[in-house]
Amino acid sequence: ESAAFSAQKSQEIRSFREYLPGDDPRRIDWKLSAKYDTLYVREYLGRAEFATLLAIDLPDAGLPYDREAFEGLKEAATSVIIARMQDRVPFSVLLVSGPNVVSYAPLDRDPKRLLALITKLAPVSRVHSLYRYRSTGALKRQFSALAASSEPFVQRLSAIAAGHLSHRLPHTFELQVSRVFQALPGSSAHLFTLADRDTSHLRILSEQATPRGIRLEVHVPKEGHDPNRLSRSLAAPVAVV
């Protein structure tokens, strides 16, 4: 790949992911799909595919976690960071641990700082935690359907919910992630996560990315990959690798 920007995709395969509605059927890898009885499509290398944000979700140091899966996650994330450094493509790195922002390096080109950042890929003691958290916008959409009901109890429940939500402030993590995506110059982002325990923070990330037209690709170790659980956790269809 040349240093010049090109919208063309190379024929070298970068990775595979599950098929999503709207994907080009010509990119389906039938051999891999037959092996796992699930449709997979090929992702090709190319400047148009480069993400300008790499978000890495670190486990909670105060709770048990799958060490082997985390080592695989670290290896995958580190290889992407090093590849971006070698390609001299500007990108940002966001380290989170659940709903806690650990560090943020916006469009950093300094190899020393990026290599120092790689050493920070370790479990973190979380200050804040979430449990089945839903954003105000998601709850408003959920309760707005109740307003059309003719039952007095349902109407009263809808009114109480609307009154509460009108004064509900967004979570700090929502505001932080919103600022990160607002400053993002590209249209794609990679998220590396174990996707274990509560995944409310993953929902927040996907909710903030979708309205800005940012394509979020979630990388999960195969040890903890549960497609049904992820589809329930994420607020919008995302590519899962």
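Note that the structure is a prediction, hence the values are computed from the model and not measured.

Draft legend 1. Layout of the packing of aromatic side chains. Scanning all chains against the criterion turns up two aromatic pairs. Geometrically, the ring pair formed by Tyr36 and Tyr40 is edge-to-face, given 6.1 Å between the ring centres and 65° between the ring planes. Classification of Tyr40 as buried rests on a relative accessible area of 18%. Here the aromatic rings of Tyr65 and Phe70 are separated by 5.9 Å at their centres, their planes lie at 85°, and the arrangement is edge-to-face.

Draft legend 2. Structural context of empty space enclosed by the protein. Applying the stated criterion across every chain yields a total of one cavity of 30 Å³ or more. A volume near 30 Å³ is recorded for the largest cavity. Lining the largest cavity, in full, are Asp57, Leu58, Pro59, Arg126, Leu194 and Asp196. Counted by class, the lining of the largest cavity contains three nonpolar, no polar and three charged residues.

Draft legend 3. View of helix 7 (residues 200–209). Where burial is concerned, most of helix 7 is hidden: 10 out of the 10 residues are buried. Every buried residue of helix 7 is accounted for by Ser200, His201, Leu202, Arg203, Ile204, Leu205, Ser206, Glu207, Gln208 and Ala209.

What counts and what doesn't
One numbering rule holds for all chains: residues counted from 1, following each sequence as written. This being a predicted model, a pLDDT of at least 70 is required before a residue's local features are given, and a value of 80 or more before pairs of side-chain atoms are given or counted; all residues contribute to the totals for chains, interfaces and linings. The side-chain numbers reported here are obtained from all heavy atoms of the structure, hydrogens and water having been left aside. Two aromatic rings, drawn from Phe, Tyr or Trp (for Trp, its six-membered ring), form a pair once their centres lie within 6.5 Å of each other, and the interplanar angle then sorts them: stacked below 30 degrees, edge-to-face above 60, tilted otherwise. Here's how the labels work: a residue is buried when its accessible area is under 20% of the maximum for its type, exposed when over 50%, partly exposed in between, all with a 1.4 Å probe on protein chains only. Note on definitions: the grid is 1 Å and covers protein atoms alone; a cavity is a set of points where a 1.4 Å probe fits but cannot get out; a pocket is an open set with protein on both sides within 12 Å along at least five of seven lines; lining residues have an atom within 4 Å of a point. Grid points are joined across faces, edges and corners, and a volume is the space filled by probe spheres set on the points. Three categories are distinguished: nonpolar for Ala, Val, Leu, Ile, Met, Phe, Trp, Tyr, Cys and Pro, charged for Asp, Glu, Lys and Arg, and polar for the others, with Gly belonging to the last. Counting from the N terminus, the helices are the DSSP runs of H or I reaching at least four residues and the strands are the DSSP runs of E reaching at least two.

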